[in-house]
Amino acid sequence: GDSVTQMEGPVTLSEEAFLTINCTYTATGYPSLFWYVQYPGEGLQLLLKATKADDKGSNKGFEATYRKETTSFHLEKGSVQVSDSAVYFCAPHGNDYKLSFGAGTTVTVRA
Amino acid sequence: EAQVTQNPRYLITVTGKKLTVTCSQNMNHEYMSWYRQDPGLGLRQIYYSMNVEVTDKGDVPEGYKVSRKEKRNFPLILESPSPNQTSLYFCASSGRWGNSPLHFGNGTRLTVT
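Note that the structure is predicted; figures quoted are calculated from it, not measured. (Residues numbered from 1 in each chain as written. Chains lettered and ligands numbered in written order. Predicted model: local features only at pLDDT ≥ 70, side-chain atom pairs only at ≥ 80, totals over all residues. Heavy atoms only, no water.)

Draft legend 1. Local environment of the sheet that holds strand S2 (residues 11–14) of chain A. All names here are of chain A. Pairing is mixed across the open sheet formed by five strands, whose spatial order is S2-S11-S10-S5-S6. Across the chains shown, the open sheet's two edge strands, defined by having one partner strand only, are S2 and strand S6 (44–50). Shown here is a sheet whose adjacent strand axes are inclined to one another by a mean of 25 degrees, direction ignored. (Pairing = 2+ DSSP bridges. Helix = DSSP H or I, 4+ residues; strand = E, 2+ residues; numbered from the N terminus. Axes fitted to C-alpha atoms, helices over the stretch in contact; angles between N-to-C directions.)

As structure tokens, then:
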């Protein structure tokens, strides 16, 4: 099935710092790409998505650009807040219905 | 409100006692799936279903069963639970697979003693 290689955590930052989480994927065809976020004690929820090459997804100050040539979908935020502390998961939704998420990247933002 | 509902939220049981975790979605989604989340291993897919009466194995199907008799429901069945199935379980659903995001339930924390 499709798979991702995601930056290992945990990542600890101070408030207002810049955050980057690297994600590269392998998938059949041209998948749509998603970032999901899991806040403490909750299920995953959609953060942002991009459905074709060079698309930029954005939400809550986070951005990621679909790079077909490097098969990457890196997540960035220019100024993190304590409320951004969560686990982040990158996921390609390709032609294969099988999808496991891996360990994700745990981000902790200190005030 | 559009949602995926799992029950129960917490369950403690003993080895070998059959149990079912229910999952229901009210969004008329075709695709549904089950995951388990374990420390250091992330979320691993157990089973998925592309539509009614169509199911297939994910990465870790051993010890689990599923059924999809109706579009809205996708129960996870543990016929004979064992301690290594102690985990946090999530159900998820999606519209047309590919461009649509997964919608997750709030999870079921299962402990098997």
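What follows continues from the structure just given.
Draft legend 2. Spatial organisation of the sheet that holds strand S9 (residues 75–77) of chain A. Residue and element names in this part refer to chain A. Pairing within the open sheet is antiparallel, and its four strands lie in the order S3-S9-S8-S7. Edge strands, defined here as strands with exactly one partner in the open sheet, are strand S3 (19–21) and strand S7 (56–59). Across this sheet, the average inter-strand angle for adjacent strands is 15 degrees, counted without regard to direction.

Draft legend 3. Geometry of the interface of chain B and chain A. Each side of the interface is counted separately: chain B has 25 residues, and chain A has 22 residues. Inspection of the region where chain B meets chain A yields one salt bridge. Close ionic contact of aspartate 59 of chain B with lysine 98 of chain A constitutes a salt bridge, the shortest N to O distance being 3.7 Å. One can count seven residue pairs in polar contact (both at pLDDT 80 or more) joining chain B with chain A. (Contact = heavy atoms within 4.5 Å. Salt bridge = Lys/Arg side-chain N within 4 Å of Asp/Glu carboxyl O. Polar contact = N/O pair within 3.5 Å; in protein donor to acceptor, adjacent residues only side chain to side chain.)

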